[in-house]
Amino acid sequence: MMLIRSIILIPLMIISGSLYSQTASTTVSLTLPVVTLMDIEPTGSITLNFAAPTEAGNPLGTPTPNTSKWINYTSAIASGGLSRRITASVNKVIAGVNIRIQAAAASGAGGGTLGTSSGQVILTTTPTTIISGIGGAYTGNGANNGHALTISLATSTYANLQAQANTAVVITYTITE
């Protein structure tokens, strides 16, 4: 008898609960903007100097590559938009000298679809891709986040070398689709 009463009461409780239940809804509007931000950390200049040889017949001493700079970026792409890339170029080329740059793989506190390094490239006045395939992503901010940069110099053609002192060369970085 107890079993029959339980079998009858359980469905009645379920039916009565659904007859007296209520629902409500709220509309939430949100905006996710397209974002394209990039900077180089830490700020400031670097110095790379060739060293004069101490013995006749020896080549110039190549400067130690600089590894103090990092590229940080934040990217939110429009629906159906293209991935982004970062290019680098110089404002002038020094005859007989190659200015080289290499972005390392992304590391640090970021997330999302981080870009891929193009490996070491020689910079010219024409923008050259150094990182490609950036999607919706952020690298984290400051040194030790994003892509570490290695900037180096090498002689290319000794016949074109001309002595220079404190020659400033500006490297320009651009993030674009």
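Residues numbered from 1 in each chain as written. Predicted model: local features only at pLDDT ≥ 70, side-chain atom pairs only at ≥ 80, totals over all residues. Heavy atoms only, no water.

Digging into the overall build of the protein chain
Part 1 of the argument: Scanning the protein chain from N- to C-terminus turns up one helix and 11 strands.
Part 2 of the argument: Within the span of the protein chain, comprising 177 residues, buried residues form 27% of the whole.
Part 3 of the argument: Put simply, 79% of the contacts in the protein chain that link residues at least 6 apart link residues at least 24 apart.
Part 4 of the argument: When the accessible area of the protein chain is evaluated, it comes to approximately 11,400 Å², of which 56% is carbon and sulfur surface. (Helix = DSSP H or I, 4+ residues; strand = E, 2+ residues; numbered from the N terminus. Buried < 20%, exposed > 50% of the residue type's maximum accessible area, 1.4 Å probe, protein only. Contact = heavy atoms within 4.5 Å. Areas by Shrake-Rupley, 256 points an atom, 1.4 Å probe, with all protein chains shown as cover.)

Things to note about the sheet that holds strand β6 (residues 116-117)
Part 1 of the argument: Sheet architecture is open: four strands sit in the order β6-β8-β3-β11, paired in antiparallel fashion. Looking along the sheet, the strands with just one partner apiece sit at the ends: β6 and β11 (171-176). (Pairing = 2+ DSSP bridges.)

Observations concerning the side chain of E41
Part 1 of the argument: Structurally, E41 can be placed in strand β1 (residues 35-41).
Part 2 of the argument: Despite being buried, E41 has no salt bridge partner; K69 is the closest side chain of opposite charge, sitting 8.1 Å away.
Part 3 of the argument: Leave out the neighbours within four places in its chain, and E41 touches S68, K69, W70, N72, N141, G142 and A143. (Lys, Arg positive; Asp, Glu negative; His and termini not counted. Salt bridge = Lys/Arg side-chain N within 4 Å of Asp/Glu carboxyl O.)

Considerations on unusual backbone geometry
Part 1 of the argument: Residues E41 and P42 are joined by a peptide bond in cis, for which omega reads -15°.
Part 2 of the argument: Along the chain, P42 falls in the loop between β1 and β2 (66-76).
Part 3 of the argument: Although it is not a glycine, N144 adopts a positive phi angle of roughly 70°.
Part 4 of the argument: Among the structural elements, N144 can be located in the loop between β9 (137-138) and β10 (147-155).
Part 5 of the argument: Here the phi dihedral of N166 falls at roughly 50°; this positive angle occurs in a residue that is not glycine.
Part 6 of the argument: Note on placement: N166 falls in the loop between β10 and β11.
Part 7 of the argument: According to the relative accessible area criterion, N166 is exposed, its value standing at 81%.

Side note on the environment of T155
Part 1 of the argument: For T155, the position within the fold is in strand β10.
Part 2 of the argument: For T155, a relative accessible area of 27% corresponds to the partly exposed category.
Part 3 of the argument: Placed 60 residues apart in sequence, T155 and A95 show a C-alpha to C-alpha distance of 9.1 Å.
Part 4 of the argument: Apart from the residues within four sequence positions on either side, T155 is in contact with F50, L60, G96 and L161.

What about the layout of surface pockets?
Part 1 of the argument: Size it by volume and the largest pocket reaches roughly 1,000 Å³.
Part 2 of the argument: Around the largest pocket, the lining is made up of 30 residues, and of these L48, L153, T167, A168 and V169 lie nearest the centre.
Part 3 of the argument: Looking at the lining of the largest pocket, the elements that each hand over two or more residues are β4 (97-103), β10 and β11.
Part 4 of the argument: The greatest single-element share of the lining of the largest pocket, amounting to three residues, is contributed by β10. (1 Å grid on protein atoms, 1.4 Å probe; cavity = no way out; pocket = protein on both sides within 12 Å on 5 of 7 lines; lining within 4 Å. Points joined across faces, edges and corners; volume = space filled by probe spheres on them.)

Points about the nonpolar core
Part 1 of the argument: Counting residues in each nonpolar core, the largest one holds 21 residues, and the members touching the most others are I71, I86, I101, I130 and Y173.
Part 2 of the argument: Those elements giving two or more residues to this core turn out to be β2, β3 (84-90), β4, β8 (128-134), β10 and β11.
Part 3 of the argument: In terms of residue count, β4 provides more of this core than any other element does, four residues in total.
Part 4 of the argument: Dropping the residues within four chain positions of it, I71 is found in contact with M38, D39, I40, I86, I130, I131, T139, N145, G146, H147, L149 and Y173. (Core = buried A, V, L, I, M, F, W, Y, C linked by side-chain atoms within 4.5 Å.)

Regarding the pairing of β3
Part 1 of the argument: When you tally the buried positions in β3, you get six out of seven residues, the bulk of the element.
Part 2 of the argument: Two strands pair when backbone bridges link them, and β3 and β8 are joined in this way by four bridges, in the antiparallel orientation. Looking across to β8, one finds that T87 is bridged to T129.
Part 3 of the argument: In this structure, β3 lies alongside β11, joined through six bridges in antiparallel fashion. Bridge pairing in β11 links R85 to T176.

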